[in-house]
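# Remarks on the overall topology
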Amino acid sequence: MINSLTLGSQSFPVNIIQGPLAGISCAPFRRLTWEYSKPAFSCTEMISCKTLLRYSRSNHRFIAKSSQEGPVCFQLSANNPQELAEATKRVTDCGADLIDLNCGCPVKKIRSRGAGSSLLMNPPQLYHFIYAMKQNTHLPVSIKIRVDGHSNDKFNRDIANVVSDAGADFLTVHGRHWTEHYETSCNHEQIQFFVEALNIPVIGNGDIACVESLKKMFATGCAGVMIARAGMGQPWLIAKLIAEIRQEQFIMPSVREIGKVFVTHTQELADLLMSEKFAVIQARKFARYYARGLANRADFCQEINHCDSLDALKLICLQYFTED
C-alpha cells in the first residue's frame, strides 16, 4: 500500500499526503508535519486568486514557505479562468511544487461567489479552468473535488471526462457531496468510480485517521491518500500510519513533547504573522487537537481561550502537559 507516487513530472517516495486545512495549514503546520512525518507533500490553505493577485503584507501567510519543509502543493480558489491563469503563474514563481484548484469547498460564501464546489455544476466551464492552469505552469496540476454522493446532482461521469480532456495530472476526490457533513460516511464506491474511469492517478480523501480507514481507502485502488482533519495536533500521524502498515515500531511523542510541539507551532505562527497576539488567538482554534489525549482537556482549552500572550501559553502547557 505504501508505495512511491508519480504525479506529472514529480515523484515522491511515499503516497500519503497532508491535505489543506483552512486556518491551519500555513508554513508552521506544514514544517512540523514534514519534521515528524515526511509525507509526499503538504497543501497550503485554500488561497483565493483575488486575494493572491491583490497581494499585501497581510496575505503573506498564504504563500510563505519554510526552508525546512518538504514539497508543497498550493491550493487555489477561483471563479474566473483569467484570474486563475495569473494566480497559477504567481504561485509557480513563489516556489510551488504542485498546484491544485479547489472544487470541493461547501461553504456558502465560497459557493455564492462561483468558486469551490459550485464549479462542479458546470463541467464545460471547469474545463477552461483546468486548461488555464495547464497553460501557465510546468508543474503538476490537479483539482480537488467532492462526489455527487446521495444527491440528485449526477455529475461524476461528466467531471471525470472533463478532468481527462483538460489534461489534469491527477485528481483528488473527497468522498462526500458538498451538502453532506462529517456524520455522513465517506463514499468509497464513488472514489473507486474515478479510479476506474481515469488514466491519471486518483488521490482518495475522507475519514482517514487510523490503519483500518487507510486500508479501506487504498482498497478503492487509489494511487495515494490524503489526510486532512486527523493531522491537526498530531503532525506525526502519517509517520505512525506508515510504520503500522509496514509493521514497524513507532514511538509516540511523550505528553511533554506534545505540549512543546503546540508551543513551537504557536511561536512559529507568531513569527510568520509578525504578531504574537494574532498567533495566540489562532492557537485557540487548534489547542484542542493537541490536547486530545489530556484527561483535563476542557480545562486546558478554557485556559488557552483566556490566554493573551505566548509566555502565558507556555506556562499553561507546562502545567497541563506533564507525564503521569
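Residues numbered from 1 in each chain as written. Predicted model: local features only at pLDDT ≥ 70, side-chain atom pairs only at ≥ 80, totals over all residues. Heavy atoms only, no water.

## Topic: the packing of helix α1 (residues 27–37) against helix α11 (residues 255–273)
Condition: All axes here are fitted lines through C-alpha atoms, helices being fitted over the stretch that makes contact, and every angle between N-to-C directions spans 0 to 180 degrees. Strands are runs of DSSP state E lasting at least 2 residues, helices are runs of H or I lasting at least 4, and numbering of each runs from the N terminus. Should an angle fall under 35 degrees it is taken as roughly parallel, and over 145 as roughly antiparallel, whereas 65 to 115 is taken as roughly perpendicular and any remaining angle as oblique. By definition, any crossing whose near helix is turned counterclockwise from its far helix by less than a right angle is left-handed, and any crossing with a clockwise turn is right-handed. Whether two residues are in contact is decided by their heavy atoms, any of which lying within 4.5 Å being enough.
One can describe the packing of α1 onto α11 by two numbers: an axis separation of 8 Å at closest approach and a directional angle of 140°. For the element pair α1 / α11, the angle class is oblique. Here α1 and α11 pass one another in a crossing that is right-handed. Between α1, through A27, P28, F29, R31, L32 and Y36, and α11, the contact on the second element is made entirely by E257, V261, T264, H265, E268, L269 and L272.

## Regarding the pattern of salt bridges
Put simply, the rule reads: Salt bridges are defined as contacts in which a side-chain nitrogen from Lys or Arg sits within 4 Å of a carboxyl oxygen from Asp or Glu. The classification of residues rests on relative accessible area computed with a 1.4 Å probe and restricted to protein chains. Under 20% of the type maximum is buried, over 50% is exposed, and intermediate values are partly exposed.
Scanning all chains against the criterion turns up 11 salt bridges. Across the pair K134 and D169 runs a salt bridge, and its minimum N-O distance is 3.1 Å. Highlighted residues: K134 in helix α6 (residues 123–134) and D169 in the loop between α7 (156–166) and β9 (170–174), separated in sequence by 35 residues. Put simply, R229 and D207 hold a salt bridge, and the shortest N to O gap is 3.5 Å. A residue pair is termed long-range when its members are at least 10 positions apart, and R229 in the loop between β11 (224–227) and α10 (237–245) and D207 in the loop between β10 (202–205) and α9 (211–218) qualify at 22 residues. For D207, a relative accessible area of 33% puts it in the partly exposed group.

## Quick word on the packing of α7 against helix α8 (residues 188–197)
Any two packed helices are characterised by the angle at which their axes cross and by the distance between the axes. Note the threshold: Here the term charged refers only to Asp, Glu, Lys and Arg, the term nonpolar to Ala, Val, Leu, Ile, Met, Phe, Trp, Tyr, Cys and Pro, and the term polar to all other amino acids, Gly among them.
Running from N to C, α7 and α8 cross one another at 35°; their axes reach a closest spacing of 10 Å. Judged by the sense of rotation from one axis to the other, the crossing of α7 with α8 is right-handed. For the pair α7 and α8, the contacting residues are N156, R157, I159 and A160 in the first and Q190, F193, F194 and A197 in the second. Taken together, the residues of the contact of α7 with α8 break down into five nonpolar, two polar and one charged.

## Concerning empty space enclosed by the protein
This is how it is decided: The distinction between a cavity and a pocket rests on a 1 Å grid over the protein atoms alone: a 1.4 Å probe fits inside a cavity but cannot get out, while a pocket stays open yet meets protein on both sides within 12 Å along at least five of seven lines, and a residue with an atom within 4 Å of a point counts as lining. Grid points are joined across faces, edges and corners, and a volume is the space filled by probe spheres set on the points.
Evaluated as defined, the whole model comprises one cavity of 30 Å³ or more. Lining the largest cavity, in full, are F41, C43, C73, D100, S142, F170, T172 and M226. Grouping the amino acids of the lining of the largest cavity by side-chain chemistry returns five nonpolar, two polar and one charged.

## Brief notes about the nonpolar core
Counted only if it meets this: Residues belong to one nonpolar core when they are buried, are Ala, Val, Leu, Ile, Met, Phe, Trp, Tyr or Cys, and are joined through side-chain atoms within 4.5 Å.
Counting residues in hydrophobic clusters, the biggest one holds 70 residues, and the most contacted among them are F41, L76, L101, L126, I143, I145 and F194. Apart from residues lying up to four places away in sequence, I145 is in contact with C103, G104, L120, I159, L171, T172, V173, H174 and F194. By size, the runner-up hydrophobic cluster in this structure holds 35 residues, among which are A228, L269, A270 and A279.

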